[in-house]
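Report on the structure
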Amino acid sequence: TLVASSGTILAGPVDINPSSPIVDFTSSITYPVGITQVILKGKLGSDYAVNDIIAASTTPSLDWMNAVGQISGRSVIPSPSFAITGSAMTVKGPALRMDVLPNPPAQTIQSGFGHDLFIFANYSFDATQSFEDVRVMRWPFEYNVVSGLATNLRNCRLFNGSLLLTSGPNMVNPRAAASSTVFFLDYGLVIPRGTIKVVSLGCSILPAANGAYAWGYDEISRPSAVAWGLNSGLLAHITAIDKMGQI
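**A few points about a nonpolar patch on the surface**
A cluster of nonpolar side chains, Val 14, Ile 16 and Val 23, forms an exposed patch at the surface whose accessible area comes to about 200 Å². Mapped onto the elements, Ile 16 comes out in the loop between strand S2 (9-11) and strand S3 (38-40).

**Thoughts on the sheet that holds strand S12 (residues 163-164)**
Strand order in the open sheet formed by 6 strands is S12-S11-S14-S9-S8-S17, with mixed pairing between adjacent strands. Every other strand in the sheet has two partners, leaving S12 and strand S17 (237-240) as the edge strands with one partner each. The pairing of strand S11 (residues 153-160) with S12 spans 2 bridges and is antiparallel. Counted as the bridge partner of Phe 159 is Leu 164 from S12.

**Some details on the nonpolar core**
With 37 residues, the main nonpolar core has Leu 96, Tyr 123, Phe 125, Trp 139, Phe 141, Leu 153 and Trp 215 as its most contacted residues. Those elements that place two or more of their residues in this core are strand S8 (95-100), strand S9 (115-126), strand S10 (134-148), S11, strand S13 (178-191), strand S14 (196-205), strand S15 (211-216) and S17. Contact partners of Phe 141, with chain neighbours within four places excluded, come to Tyr 123, Phe 125, Leu 158, Ala 178, Ser 179, Ser 180, Thr 181, Phe 183, Leu 201, Trp 215 and Gly 216.

**Topic: the sheet that holds S2**
Here 3 strands make up an open sheet; going across it, the order is S2-S1-S3 and the pairing antiparallel. Of all the strands in the sheet, the pair left with one neighbour each is S2 and S3. Strand-to-strand, the axes of this sheet are offset by a mean angle of 35 degrees, without reference to chain direction. Here strand S1 (residues 2-4) runs beside S2; their pairing, made up of 2 bridges, is antiparallel. Within S2, the residue paired with Val 3 across the bridge is Ile 9.

**Here we look at the environment of Arg 154**
Within the element layout of this structure, Arg 154 appears in strand S11. Residue class for Arg 154 comes out partly exposed when judged on its relative accessible area of 30%. Note: C-alpha distance between Arg 154 and Trp 139 (15 residues apart in sequence) is 18 Å. Residues contacting Arg 154, with those up to four places away along its chain left out, are Val 172, Asn 173, Pro 174, Cys 203, Ser 204 and Leu 206.

**Focus on empty space enclosed by the protein**
One pass over the structure, following the stated rule, counts 1 cavity of 30 Å³ or more. Roughly 40 Å³ of volume is contained in the largest cavity. Together, Phe 125, Val 136, Trp 139, Leu 158, Leu 165, Leu 185, Leu 189 and Val 199 line the largest cavity. Class assignment for the residues of the lining of the largest cavity results in 8 nonpolar, no polar and no charged.

**Points about unusual backbone geometry**
Put simply, Gly 12 and Pro 13 share a cis peptide bond, and its omega is 10 degrees. Mapped onto the elements, Pro 13 comes out in the loop between S2 and S3. Of note, the amide linkage connecting Ser 79 to Pro 80 takes the cis form, showing an omega dihedral of 10 degrees. Tracing the sequence through the fold places Pro 80 in the loop between helix H1 (60-63) and strand S6 (84-85). The phi dihedral of Asn 66 falls on the positive side, at around 60 degrees, and the residue is not glycine. Mapped onto the elements of the fold, Asn 66 is located in the loop between H1 and S6. A positive phi is found at Asn 155, a non-glycine position, where the angle reads about 50 degrees. Tracing the chain through its elements places Asn 155 in strand S11.

**Details of the pattern of salt bridges**
Enumeration over the complete set of coordinates arrives at 3 salt bridges. Linking Asp 116 and Arg 157 is a salt bridge whose minimum nitrogen-to-oxygen distance equals 3.8 Å. Pair noted here: Asp 116 is in strand S9 and Arg 157 is in strand S11, with a separation of 41 residues, a long-range link. Of the charged contacts in the structure, one is a salt bridge between Glu 219 and Arg 222, with a shortest N-O distance of 2.7 Å. Its relative accessible area of 27% is what places Glu 219 among the partly exposed residues.

Rules and cut-offs
Residues numbered from 1 in each chain as written. Predicted model: local features only at pLDDT ≥ 70, side-chain atom pairs only at ≥ 80, totals over all residues. Heavy atoms only, no water. Patch = residues over 30% accessible without salt bridge, like charges linked within 9 Å, V, L, I, M, F, W, Y side chains within 5 Å. Areas by Shrake-Rupley, 256 points an atom, 1.4 Å probe, with all protein chains shown as cover. Salt bridge = Lys/Arg side-chain N within 4 Å of Asp/Glu carboxyl O. Helix = DSSP H or I, 4+ residues; strand = E, 2+ residues; numbered from the N terminus. Pairing = 2+ DSSP bridges. Core = buried A, V, L, I, M, F, W, Y, C linked by side-chain atoms within 4.5 Å. Buried < 20%, exposed > 50% of the residue type's maximum accessible area, 1.4 Å probe, protein only. Contact = heavy atoms within 4.5 Å. Axes fitted to C-alpha atoms, helices over the stretch in contact; angles between N-to-C directions. 1 Å grid on protein atoms, 1.4 Å probe; cavity = no way out; pocket = protein on both sides within 12 Å on 5 of 7 lines; lining within 4 Å. Points joined across faces, edges and corners; volume = space filled by probe spheres on them. Nonpolar A, V, L, I, M, F, W, Y, C, P; charged D, E, K, R; others polar.

Structure representation (structure tokens):
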């Protein structure tokens with residue numbers, strides 16, 4: 001959209017063709033005598049990625065067509081005859097950083113009683129560097145079995161405080177150690193821009209269980225994570241720290 005500095009829309013909006021990145025305004029515009037400051041505004045589609053660089057340019061003598069004086073009707077050749085290029089703009093959108101927190105510490109619990117819910121790990125989901133709110137829908141965690149049977153842990157689920165994020169069929173029953181055990185969130189978790197939310201991972205422990213277990217994160221599983229900008233719909237730029245977690 002072409003907008004005057006006063007806020008008046010001069011032309012558009014029009015869509016850009018990604019295969020031929022030209023913005024073609026076909027409506028006529030009347031510029032009064034004097035200087036008119038014009039601003040080119042647009043909304044990026046989902047095919048743009050974080051850190052893409054965009055710049056707009058125009059060559060008035062070639063690109064601006066059918067210019068005539070409003071009173072005289074005489075043809076006018078816009079100038080200059082060389083390209084005018086605006087400042088380079090870097091796409092900044094949703095971003096998320098995840099880390100395995102040091103609490104709870106490594107600990108030992110007594111076997112033979114079972115535990116309906118034992119918190120194995122806490123994770124920070126950090127959107128302080130994001131340019132918009134981020135919604136997390138799916139996330140992979142590393143399940144480490146140091147000793148014992150992998151199936152000793154059941155009904156593994158995620159919490160944000162007291163809010164259960166994975167219920168019913170979205171609870172996970174591990175069958176083996178894995179670098180990418182994916183949890184699907186019931187309704188997603190929104191991390192507002194500029195904030196950090198802590199997600200806890202807890203499981204039920206079978207009464208006869210024994211062994212040593214840890215939940216962490218493995219960087220190779222990052223492609224399994226799904227998080228996007230709440231407004232733009234762009235996939236979030238994800239960084240995460242590779243850690244085994246506490247045993």
